[in-house]
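Listed below are the residues making up each chain.
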Amino acid sequence: MSQLNSQLSFAAIHELAEGIRTREISPVEITEHALHRIERLNPKLNVFVTQTSELAVEQAKQTERDIMHGRYKGPLHGIPIVHKDLYYTKGIRTTAGSKILNSFVPDYDSTVATKLHEAGTVLLGKVQTHEFAAGLTTTSPHFGPCLNPWNTELVTGGSSGGSASALAAGLAYLGTGSDTGGSIRIPAALCGVVGMKPTYGRVSRYGIIPMAWSLDHSGPLTRSVMDASLCLDVMSGFDPKDESTVDLPAPGIKMYPNGLRGVRIGLPTSYYYEDLMPEVEAAMKAAINKFRELGAEIIEVSLPMIKHVKSATMAIMMTEMYSNHEKWLETELEQYGADVRMFLESSRDIPASIYLQSQRARQLIVNDFLNALSGIDILLTPATPITAPRADDNASVFRLNSFTVPTNLTGLPSLSMPCGFSPSGLPINMQLIGRPFEEATVLGIGNTYEMNTGWHKRHPDL
């Protein structure tokens, strides 16, 4: 474990788990290492809203005692994590990145927080989100901007920017996220980590402050695809407190020991490969060639209804978010940041007919994707059309969710994972989209690519 200790900040969960299980490395040692790194780097990156250092040490000591007495719980036992500050955590404030909830302290945990606690994780704290998850930058007027470890002049992406920045900077090993229009996958792409948005209904959203009920998803951000699989298995499952959840076993991961021979990968002929930044286009071409080298068959597919995705998604998102905030808008309007207030106020007058028409269009788009996926294993697209922009580059910021919103509308599982870097050293991610509840295939294909490339092993120089 000596080599692992020297690289502790960026060790994978599945590597740490083996050392913890065999008692070669202590959860206390890992936690203290993370806390020292947070102390050094958080002032530079502004990741945390609330640190729980004392609790983390206490939990790490308890996990160590449990393991010493033969009560090892599995691969997340003793692993330091962070929660996006939308997740209810009993006795720990949960602000949603807002002034309105600045002092809110829940008296119960979200279902995901409960599952991860029961798996033996160690909580380092709550990390930044764009206010009420309603933005693409995680630049907060209330807590200050959360900064990108690759270049602190650029955004992390939103709204799970705190988790992505923490993972990229080596401050934690798992970060929870939520995804309404790309809020797991965009920060993963801009920070060069892995983000998994599962199928709608795979993971409970109970106890997570909502943005739009029919688009919201919960999922993990990690530094490897295998780690995302381990975390998703723990987070998944039916929850009677969330009527959208399904009663299915944890997805696991499909292994491809002989490469990807027999795997069929679809490339959409429109929308996803249009108007890309040149370095993103080059990275995607290289990724496609790598998949061919691994034995996959590349097939062009058509998505004729995709041109309606953004308008339908925005109408649904704006209407549902307004309904969640209507009472506060009457009493707390001036407490919102300017961008979120403008977004909510512009949502006020969307006619019910537009919302209903968008829901009808949604089903047509779902059918479109299912038809495209019927003869292939996954769709392959860029995760974002550009690399991380500056917060004040509004035209670029508004482009960030172009390739992620379709699978919030359709509910399909989508994985954002590293596939290259720009000449200036900024990460580039691709997106793998699968059939409903076939996360095992998506993760398995992604894992096979990852094991045959080295993009996930590059880290910012901090």
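Residues numbered from 1 in each chain as written. Predicted model: local features only at pLDDT ≥ 70, side-chain atom pairs only at ≥ 80, totals over all residues. Heavy atoms only, no water.

Under an unreviewed UniProt entry, the name given to the protein is Amidase family protein, and the source organism is Paenibacillus alvei. For the protein, the Sequence similarities (unreviewed entry) comment in UniProt is given as "Belongs to the amidase family." (UniProt positions renumbered as here; feature names shortened; annotations may be inferred.)

Novice: Help me understand the packing of helix α10 (residues 309-331) against helix α12 (residues 352-373) in this model?
Specialist: Two quantities define a packed helix pair, namely the angle between the axes and the distance from one axis to the other. Their axes nearest at 9 Å, the elements α10 and α12 cross at an angle of 135 degrees. Overall, the two elements α10 and α12 adopt an arrangement that is oblique. Where α10 crosses over α12, the handedness of that crossing is left-handed. Listed contacts from α12 to Val309, Ser311, Ala312, Ala315, Ile316, Thr319 and Glu320 of α10 are Ile354, Tyr355, Ser358, Gln359, Ala361, Arg362 and Ile365. Class assignment for the residues of the contact of α10 with α12 results in eight nonpolar, four polar and two charged. (Axes fitted to C-alpha atoms, helices over the stretch in contact; angles between N-to-C directions. Helix = DSSP H or I, 4+ residues; strand = E, 2+ residues; numbered from the N terminus. Parallel < 35°, antiparallel > 145°, perpendicular 65-115°, else oblique. Left-handed = near helix turned anticlockwise from the far one by under 90°. Contact = heavy atoms within 4.5 Å. Nonpolar A, V, L, I, M, F, W, Y, C, P; charged D, E, K, R; others polar.)

Novice: What is the right way to look at the packing of aromatic side chains in this model?
Specialist: The geometry of two aromatic rings is summed up by the distance between their centres and the angle between their planes. For the structure on display, the rule yields eleven aromatic pairs. Here the aromatic rings of Tyr271 and Tyr272 are separated by 5.3 Å at their centres, their planes lie at 90 degrees, and the arrangement is edge-to-face. An identical accessibility class is assigned to Tyr271 and Tyr272; each is buried. By the ring-pair criterion, three or more aromatic residues cluster together here, those being Tyr88, Phe104, Tyr108 and Tyr206. Between Arg458 and the ring centre of Phe421, over which it is positioned, the NZ or CZ distance is 3.9 Å. (Phe/Tyr/Trp six-rings, centres within 6.5 Å; stacked < 30°, edge-to-face > 60°. Buried < 20%, exposed > 50% of the residue type's maximum accessible area, 1.4 Å probe, protein only. Lys NZ or Arg CZ within 6 Å of the ring centre and 35° of its normal.)

Novice: Hey, could you run me through the nonpolar core in this one?
Specialist: Within soluble globular proteins, side chains that are nonpolar tend to cluster in buried spots. Membership of the largest hydrophobic core comes to 99 residues, with the highest contact counts inside it found for Phe291, Leu380, Leu415, Met430 and Leu432. Broken down by element, the residue count for this core peaks at eight residues, all from α10. Each residue touching Phe291, except ones within four places of it in the same chain, is listed here: Leu260, Ile265, Ala296, Ile298, Leu380, Met430, Ile445 and Tyr449. (Core = buried A, V, L, I, M, F, W, Y, C linked by side-chain atoms within 4.5 Å.)

Novice: Quick question: what am I supposed to make of helix α9 (residues 278-293) here?
Specialist: For the α-helix, the turn length of 3.6 residues means that residues three or four positions removed from each other point alike. Helix length check: α9, at 16 residues, gives a terminal C-alpha distance of 23 Å against a target of 22 Å (1.5 Å per residue), a fit within 8%. Turning to α9, its buried residues are Val280, Ala283, Met284, Ala287, Ile288 and Phe291. For α9, the angular spread of the buried residues around the axis is 140 degrees, confining them to a single face. Of the residues in α9, the exposed ones pointing more than 90 degrees away from the buried face are Pro278 and Glu293. In this structure, the buried residues of α9 make contact with β9 (264-268), β10 (297-301), β11 (378-382), β12 (414-421), β13 (427-433) and α15 (439-451). (Expected span 1.5 Å × (residues − 1). Arc of directions from axis to C-beta.)

Novice: What exactly am I supposed to notice about the sheet that holds strand β8 (residues 217-222) here?
Specialist: Each strand in a sheet pairs with another by means of backbone hydrogen bonds, the pair being arranged parallel or else antiparallel. Across the sheet, eleven strands lie side by side as β1-β3-β2-β6-β8-β7-β12-β13-β11-β9-β10; this open sheet has mixed pairing. Two strands close off the open sheet at either side, each with one partner strand: β1 (48-51) and β10. If you compare each strand with its neighbour and ignore which way they point, the axes differ by 30 degrees on average. Where β12 meets β13, seven bridges bridge the pair, whose relative direction is antiparallel. By the bridge assignment, Gly420 is partnered in β13 with Ile428. Seen against the sheet, helix α8 (residues 225-235) touches β6 (174-179), β7 (194-197), β8 and β12 and runs at an angle of roughly 145 degrees to β8. (Pairing = 2+ DSSP bridges.)

Novice: Looking at this structure, I do not really get the state of the cysteines. What am I missing?
Specialist: The bond known as a disulfide is covalent and runs between the sulfur atoms of two cysteines. Tallying each qualifying case throughout the model produces zero disulfides. Cys191 takes part in no disulfide bond, and the closest cysteine sulfur to it belongs to Cys146, at a distance of 7.3 Å. Note on Cys191: relative accessible area 0%, which makes it buried. Here Cys231 is not cross-linked by a disulfide; its sulfur's nearest cysteine counterpart is in Cys191, at 17 Å. What makes Cys231 buried here is its relative accessible area of 0%. (Disulfide = S-S within 2.5 Å.)

Novice: Looking at this structure, I do not really get the packing of α8 against α15. What am I missing?
Specialist: As a packed pair, α8 and α15 sit with axes 8 Å apart at the nearest point and diverge in direction by 155 degrees. By the angle between their directions, the pair α8 and α15 is classed as roughly antiparallel. Side by side, α8 and α15 meet where Val225, Met226, Ala228, Ser229 and Leu232 of the first sit next to Glu439, Leu443, Gly446, Asn447 and Glu450 of the second.

Novice: What is the right way to look at the side chain of Thr387 in this model?
Specialist: Its location among the elements puts Thr387 in the loop between β11 and α13 (394-397). Owing to a relative accessible area of 7%, Thr387 belongs among the buried residues under this scheme. Once residues within four sequence positions are removed from consideration, Thr387 is found in contact with Met277, Val280, Ser422, Leu426, Pro427 and Ile428.

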